[in-house]
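Residues per chain are reported as follows:
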Amino acid sequence: MNSLAPLPRAVADAAPEVLGVSGLGKSFVLHLRGGMELPVVSGAAFSVRAGTCVALGGPSGAGKSSILKMVFGNYRIDRGHILIRDGDETVDMATASPRRILRLRRERIGYVSQFLRVIPRLSTLDVVSEPLRLDGVPAPEALRRAQDLLARLNLPERLWDLPPATFSGGEQQRVNIARGFIAPRALLLLDEPTASLDARNSAAVIDLINARKAEGTAMLGIFHDEAVRAAVADAVVDVTRFGDAA
Amino acid sequence: MNPASGQDAPLLVAQGLTRLYGTRIGCADVELEVYPGEILAVVGESGSGKSTLLSLLSTELAPSSGRISYRGTDGVMRDLAAFTEAERRLLLRTQWGFVRQNPEQGLRMAVSAGGNVGERLMAVGRRHYGDIRSEATDWLGRVEIAADRIDDDPRSFSGGMRQRLQIARNLVTRPRLVFMDEPTGGLDVSVQARLLDLIRSLVSDLGAAVIIVTHDLAVARLLSHRIMVMRHGSVIEHGLTDQVLDDPAHPYTQLLVASVLAA
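As the structure is a prediction and not an experimental result, all values here were calculated from the model. (Residues numbered from 1 in each chain as written. Chains lettered and ligands numbered in written order. Predicted model: local features only at pLDDT ≥ 70, side-chain atom pairs only at ≥ 80, totals over all residues.)

**Structural notes on the overall build of chain A**
A count of helices and strands for chain A gives eight helices and nine strands. Its C-alpha atoms give chain A a radius of gyration of 18 Å, within 12% of the compact-globule value 18 Å for 246 residues. Dimensions of chain A along its principal axes, counting C-alpha atoms only, are 50 × 50 × 35 Å. Relative to its full complement of 246 residues, chain A shows a buried share of 41%. Contacts spanning at least 24 positions in sequence make up 72% of the contacts within chain A whose residues lie at least 6 apart. (Helix = DSSP H or I, 4+ residues; strand = E, 2+ residues; numbered from the N terminus. Rg over C-alpha atoms; globule rule 2.2 N^0.38 Å. Buried ≥ 20, exposed ≤ 12 C-beta atoms within 10 Å, placed from the backbone. Contact = placed C-beta atoms within 7 Å.)

Okay, here's the thing in structure tokens:
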């Protein structure tokens, strides 16, 4: 076991704010359904400090994934602000240009989505090591670290040279986690990182998350598994508070 | 800091770009910028004006109004209309590339594979036969064409091989800007995947800017950083590729995205 205890409250409170969300509102307008408006969130507000993990809580459909996608810039923001710290600057995802968002994603934000979407022919090792190589880490070193991470996540070595398209759900999820965790990032977004994993592999992911927190990474995640949530989250933000009624 | 310091200056800028065919609109009032190292996808259905736009940007077609500026290797932004015909042709043979949907239009079909690649090197002033041949061989390898096919002419190649040869011919001079018109159109799906993988890695190795026209949203998603959606000659939506495809705002983009068959 190398899982680390969460930072003492006093230390966490003094850590810099990496993510600040305020007055966040979004709805989808479905033009193919006569312009029907589908509210997603309204008035969401919370923050995440370096070295802490905030879990988004609430039932399915409450807007947890949508909030995560807005933080990553994958969904548009209708109202409010999502401020992300980038060194000495603060970037508002609500108004940042596409090129600014791409740079933030390249340098500051990691995202472990539920589904793996990659170029068809790339091997698992290439998929996992790519973020590090893009950071300028030499290929042999990037590959070695990808191997370490895949081993830590118990992905059988015989799969490493194969493209992940044909892997099982749990195997693909671990490839996705390895890709999201391999490079140092100030903010990590985790969308159900253990959803299709058994207890042993969930434990490996919990260890990874806690190790990364100890290094100062801020995390925002969705964890349906109560035990996983309890093991990693310092705070839970109840998303139902931000529903349309708010 | 980003080592490539020129990354924050656009390479190509179009302003108010319009082309009329008589009274019919080919493309209307298009604004765009493309930066070094980024892939911009232009999507839309047949007749949306995306191919007209590509012809205008590559100076094959003169605009009815509007202007296009290009940043030269000296860092100076110039109006392409001020370039002489000879200067524009030189650009297309050296600093620019153009990968066409139909490789027969982008290749010289009666010239050997090695000659097709070597010709572009000669256009940038290379004269040593041995060097040209060895670099051509290297590029055939990069696009996964066996070295022993170097003296064969592309008429004996399959469609996928021809397209890969066209890519080698265009990228061998390390162009700063590459135009691509439906580069995977008409190819088998397995061949497409291979080609996409190849385009992505070669372009990222070269740090080139790419403007790719495609009607295939999956191709745009896999390759591009930013996307522009065209309809009836106008750009109706643009932005980050994954944002436009996952959260489309315009009714027409919503229709396009909803119409894609999931495999």
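**So, the environment of Val 71 of chain A**
Residue and element names in this part refer to chain A. Within the secondary structure, Val 71 sits in helix H2 (residues 64–72). C-alpha separation for the pair Val 71 and Leu 83, spaced twelve residues apart in sequence, amounts to 8.7 Å. If we skip the residues at most four places from it in the chain, Val 71 touches Leu 19, Ile 82, Met 93, Leu 189 and Leu 220.

**Let's talk about the interface of chain B and chain A**
Contacts between chain B and chain A engage 20 residues on the former and 14 residues on the latter. Partitioning the side of chain B that touches chain A into residue classes produces nine nonpolar, four polar and seven charged. (Nonpolar A, V, L, I, M, F, W, Y, C, P; charged D, E, K, R; others polar.)

**A short note on unusual backbone geometry**
Backbone geometry at Glu 192 of chain A places phi at a positive 50°, although glycine is not the residue there. By the element assignment, Glu 192 of chain A lies in the loop between strand S7 (187–191) and helix H7 (199–214). A tally of 20 C-beta atoms within 10 Å means that Glu 192 of chain A is categorised as buried. With phi around 45°, Glu 182 of chain B is a residue other than glycine that occupies positive phi space. Mapped onto the secondary structure, Glu 182 of chain B falls in the loop between strand S7 (177–181) and helix H7 (189–206).

**Observations concerning the sheet that holds strand S5 (residues 89–92) of chain A**
Residues and elements named next belong to chain A. Taken in spatial order, the four strands of this open sheet run S2-S1-S4-S5, and their pairing is antiparallel. Of all strands in the sheet, those bounded by a partner on one side alone are strand S2 (36–49) and S5. Each strand of the sheet is rotated relative to its neighbour by a mean of 25°, with strand direction disregarded. In this structure, strand S1 (residues 17–30) lies alongside S2, joined through ten bridges in antiparallel fashion. Within S2, the position partnered with Leu 19 by the bridge is Val 48. (Pairing = 2+ DSSP bridges. Axes fitted to C-alpha atoms, helices over the stretch in contact; angles between N-to-C directions.)

**Considerations on the domain arrangement of chain B**
For chain B, the domain assignment lists domain 1 (9–95 + 175–234) and domain 2 (103–174). Taken together, the residues of the side of domain 1 of chain B that touches domain 2 of chain B break down into ten nonpolar, two polar and one charged. (Domains from an automatic or database assignment.)

**A look at H7 of chain A**
All names here are of chain A. For H7, with 16 residues, the first-to-last C-alpha span of 22 Å sits near the 22 Å given by 1.5 Å per residue. Looking at H7, one finds that the buried residues are Val 205, Ile 206, Leu 208, Ile 209, Arg 212 and Lys 213. Seen end-on, H7 carries its buried residues on one side only, within an arc spanning 160°. Turned more than 90 degrees off the buried face of H7, the exposed positions are Ala 199 and Arg 200. Looking at the packing, one finds that the buried side of H7 touches strand S3 (53–57), helix H6 (169–181), S7, strand S8 (218–222) and helix H8 (226–232). Of the residues flanking the end of H7, it is Gly 216, one or two places downstream, whose phi is positive at about 105°. (Expected span 1.5 Å × (residues − 1). Arc of directions from axis to C-beta.)

**Quick notes on the nonpolar core**
In this structure, Val 71, Ala 178 and Leu 189 of chain A together with Val 210 of chain B are the most contacted members of the largest nonpolar core, which totals 131 residues. The residue makeup of this core includes at least three contributed by each of domain 1 (9–95 + 175–234) and domain 2 (103–174) of chain B. Residue contacts for Leu 189 of chain A: discarding those within four places in its chain leaves Leu 68, Val 71, Phe 72, Ile 109, Tyr 111, Val 112 and Leu 220 of chain A. (Core = buried A, V, L, I, M, F, W, Y, C linked by C-beta atoms within 7 Å.)

**Side note on the packing of helix H4 (residues 124–134) of chain A against helix H5 (residues 139–152) of chain A**
All names here are of chain A. Here H4 crosses H5 at 125°, and the two axes come no closer than 8 Å. The angle between H4 and H5 falls in the class oblique. Considering how the two elements wind past one another, H4 and H5 form a crossing that is right-handed. Across from Leu 125, Val 128, Ser 129, Leu 132 and Arg 133 in H4, the residues of H5 making contact are Ala 139, Ala 142, Leu 143, Arg 145, Ala 146, Gln 147, Leu 149 and Leu 150. Considering only residue class, the contact of H4 with H5 consists of nine nonpolar, two polar and two charged. (Parallel < 35°, antiparallel > 145°, perpendicular 65-115°, else oblique. Left-handed = near helix turned anticlockwise from the far one by under 90°.)

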